[in-house]
Amino acid sequence: AKANAKTNEGLARAWLSLARLMEAAKPQEALSAYGEATALQPADAEPHLAAGLLLERQGDFPAAEQEFRKAADLDPKSVEAIAGLVTVYTRSKRLPEAEAALRQILLLSPASTQARVQLGRVLVGQGKNQEGLAELQAGLGSVPGDPAALHELAQLSYAAKSYEQAAVYYQRLVEVAPRNPEYRHGLGGALMKLGRYPQAEQQLIVAVTLKTDLSEAYADLAVAA
């Protein structure tokens, strides 16, 4: 029995290796090879996870979901399998299910910045702006010098009507890139919402000077003036 188990394990590994080699050129054959590995080692989550990733790249979300679910059932602590489900749910616009899966990842891996940022985006996508913004601040705050992270926080703060916070983020962006008209426009818009019209006007004048076809900034400038 032990010899058979060892043989099956070796054959399963061979099928796995073959599948990975065929993924790019022969994806259907690769999926069949993952199936062979699964038949030999039915308690192994790895072939299901690999097949799920391949199916997800092909855009076959229902089949990918089935494989990720099987992998997660076999290995409930597999962050990779649950992350695969998050991708399927997010790309299929199933945001409540994506939220639940992301919370599961954070239970398994509380320090996962990526999962926290994804959770924030999913919450905002469901209209849970304040909760989502808090998660994004916790996640993106770990990379304070990243302009892309700051810009996302600024935009989402503005969308959530947290104008004071949006102004803080846009001010930091302007300090990093003073000649960026979008950042100037964002700061001017946030200041205008706060009723700080002279300061808003200054920022909006700079924005339209830097980019003369920034029509939305002209409209905001007219209001501020």
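Structural data are supplied above this passage.
Residues numbered from 1 in each chain as written. Predicted model: local features only at pLDDT ≥ 70, side-chain atom pairs only at ≥ 80, totals over all residues. Heavy atoms only, no water.

Looking at the environment of Ala24
- Position of Ala24 among the secondary structure elements: in the loop between helix H1 (2-22) and helix H2 (27-40).
- Taking C-alpha positions, Ala24 is 24 Å from Ile82, a pair spaced 58 residues apart along the chain. (Helix = DSSP H or I, 4+ residues; strand = E, 2+ residues; numbered from the N terminus.)

Concerning the environment of Thr38
- Among the secondary structure elements, Thr38 is positioned in helix H2.
- Spatially, the C-alpha atoms of Thr38 and Glu67 are 11 Å apart, while their sequence positions differ by 29 residues.
- If near-sequence neighbours (up to four positions away) are discounted, Thr38 is found in contact with Pro47 and His48. (Contact = heavy atoms within 4.5 Å.)

Things to note about the pattern of salt bridges
- Per the counting criterion, the structure on display carries 14 salt bridges.
- In this structure, the salt-bridge partner of Arg13 is Glu46, at a minimum N-O distance of 2.9 Å. Residue Arg13 is found in helix H1, and its partner Glu46 is found in helix H3 (residues 46-57); the two are separated by 33 residues along the sequence.
- The partly exposed category is assigned to Glu46, whose relative accessible area is 26%.
- Across the pair Glu65 and Arg69 runs a salt bridge whose closest N-O atoms are separated by 3.2 Å. Here the residue Glu65 and the residue Arg69 both occupy positions in helix H4 (residues 61-74), the gap between them amounting to four residues, near one helical turn.
- Exposure remark for Glu65: the relative accessible area of 13% places this residue in the buried category.
- For Arg69, a relative accessible area of 38% corresponds to the partly exposed category. (Salt bridge = Lys/Arg side-chain N within 4 Å of Asp/Glu carboxyl O. Buried < 20%, exposed > 50% of the residue type's maximum accessible area, 1.4 Å probe, protein only.)

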